[in-house]
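Below are the chains, spelled out letter by letter.
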Amino acid sequence: MSDAELVLRSTRVITPEGTRAATVTVSAGKITAVLPYDAEVPAAARLEDVGDHVLLPGLVDTHVHVNDPGRTEWEGFWTATRAAAAGGITTLVDMPLNSLPPTTTVEHLRIKQDVARDKAHIDVGFWGGALPDNVKDLRPLHDAGVFGFKAFLSPSGVDEFPHLDQDQLAQSLAEIAGFDGLLIVHAEDPHHLAAAPQQGGPKYTDFLASRPRDAEDTAIASLIGQARRLGARVHVLHLSSSDALPLIRAARAEGVRLTVETCPHYLTLTAEEVPDGASEFKCCPPIREAANQDLLWEALADGTIDCVVTDHSPSTADLKTPDFATAWGGISGLQLSLSAMWTEARERGHALEDVVRWMSTRTAALVGLAHKGAIEAGRDADFAVLAPDETFTVDPAGLQHRNRVTAYAGRTLYGVVKSTWLRGERIVADGEFTEPKGTLLARPQ
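Residues numbered from 1 in each chain as written. Predicted model: local features only at pLDDT ≥ 70, side-chain atom pairs only at ≥ 80, totals over all residues. Heavy atoms only, no water.

Another point: helix 11 (residues 337-347). With 9 of 11 residues buried, helix 11 lies mostly within the body of the structure. Of all the residues in helix 11, the buried ones are Ser337, Leu338, Ser339, Ala340, Met341, Trp342, Thr343, Glu344 and Ala345. Positive backbone phi, at 90°, marks Gly349, one or two positions downstream of helix 11. (Buried < 20%, exposed > 50% of the residue type's maximum accessible area, 1.4 Å probe, protein only. Helix = DSSP H or I, 4+ residues; strand = E, 2+ residues; numbered from the N terminus.)

What follows is the structure in structure tokens.
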């Protein structure tokens with residue numbers, strides 16, 4: 001401890017062994033030790049005593065659409081990473097769409113990295129994209145450090161990122177399996193979507209009927225079949241259909257290399273409460289009924305669902321029209337994800353340790369960031385300081401997102417983030433931000 005530059009102390013530190021009163025020492029941006037609460041502080045070290053606030057590892061959000069460059073008016077690295085930092089997120093992995101160009105070649109990756117480099121308030125990594133015509137680009141992207149590859153099995157909503165049919169999925173997945181990469185998949189079957197009623201208009205019930213559960217279930221079943229045949233690693237994005245859970249459990253029991261995520265909006269919002277015309281609640285797949293949500297929580301608790309990520313997918317306010325058929329589909333959730341999850345988790349009897357496991361430890365493990373996701377010696381000194389029993393009412397004007405449209409407006413949430421730390425430096429405290437201190441991350445070799 002003699003070489004410690006910084007010491008953080010709390011009566012509640014969330015560690016892999018549980019929550020306890022502890023003193024955490026930091027040197028050169030790394031955690032060097034987790035010591036008893038009353039450990040002596042070296043004279044040369046700066047002590048930050050956060051009292052009874054909870055010290056938890058910074059969250060790792062592996063599903064974020066920053067949209068920069070090309071659609072920067074929708075979001076951008078400066079605003080997205082500020083919003084993330086305000087919400088206790090210290091690492092995000094950016095999706096290959098809806099930026100222009102999409103991250104589907106090494107050249108496009110370099111363009112995005114150049115844009116992000118000086119704007120990132122937190123650490124940022126990148127997914128690549130798998131398109132019908134870029135199989136030749138997948139290995140070069142892997143070698144350039146992307147964390148894996150995003151694919152759609154139904155139309156993505158933007159023309160420059162077309163979906164894969166089953167033959168194209170097999171071709172891309174075979175290539176990715178050849179270097180043991182990871183394919184992450186928006187799993188909705190286009191044929192089931194086309195067969196569903198498409199009425200349009202402001203009624204949420206009509207929109208929900210247009211994205212039926214069986215579209216997810218069928219797509220997930222086909223993905224499992226391809227992964228089984230090829231021995232490939234696959235990850236199901238933003239699971240909303242609880243009907244797919246038996247398929248997922250059975251596949252894992254037989255050894256299919258499958259992981260699954262869901263999102264705060266599926267776990268905290270329900271179809272029954274969505275007002276007609278309120279397209280700030282629109283996302284694909286959709287927010288479903290309360291009974292479905294209960295089953296997602298059970299699957300999260302028993303480990304069938306691995307982790308929780310935001311799928312932050314913003315747009316300009318004018319694209320959120322009252323017609324659910326034409327409105328942009330996406331929930332903006334970076335700044336509020338921790339508080340929204342904690343509010344619902346505590347109501348259902350879960351501990352803050354569980355939320356940390358779902359939103360930090362397991363997300364870091366998904367992308368191989370062994371130096372993130374926990375408070376223990378050798379990890380990055382990334383922290384959030386949380387007052388878990390304090391509440392706030394969501395005011396869109398207080399959000400750092402570029403477009404302050406939120407499905408959580410007016411909700412009272414538990415859990416106020418008091419400060420966020422990146423590699424031992426406080427990057428936000430009580431709404432005040434430092435200049436960007438984030439670094440660009442590559443997949444560990």
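Here the narrative resumes, following the displayed structure.
Attention shifts here to the sheet that holds strand 8 (residues 123-126). Within the open sheet, the 3 strands sit side by side as 6-7-8. Their pairing is parallel. Every other strand in the sheet has two partners, leaving strand 6 (59-64) and strand 8 as the edge strands with one partner each. The mean inter-strand angle of the sheet, taken between neighbouring strand axes irrespective of direction, is 20°. (Pairing = 2+ DSSP bridges. Axes fitted to C-alpha atoms, helices over the stretch in contact; angles between N-to-C directions.)

Let us look at the nonpolar core. By size, the foremost hydrophobic cluster in this structure holds 99 residues, and its most contacted members are Leu56, Phe149, Leu183, Leu239, Leu258, Met341 and Val355. Listed in part, the 14 residues of the second largest apolar core include Leu8, Val50, Leu55 and Trp421. (Core = buried A, V, L, I, M, F, W, Y, C linked by side-chain atoms within 4.5 Å.)

As a further point, take the packing of aromatic side chains. Here the structure, examined in full by the defined rule, presents 8 aromatic pairs. With a centroid separation of 6.3 Å and 70° between ring planes, the pair formed by Phe77 and Phe126 is classed as edge-to-face. A residue pair is termed long-range when its members are at least 10 positions apart, and Phe77 in helix 1 (residues 77-86) and Phe126 in strand 8 qualify at 49 residues. As far as the burial class goes, Phe77 and Phe126 line up, both buried. Taken together, the aromatic side chains of Tyr204, Phe207 and Phe324 make up a single cluster linked through ring pairs. Sitting over the ring of Tyr37, Arg9 keeps its end group 5.5 Å from the ring centre. (Phe/Tyr/Trp six-rings, centres within 6.5 Å; stacked < 30°, edge-to-face > 60°. Lys NZ or Arg CZ within 6 Å of the ring centre and 35° of its normal.)

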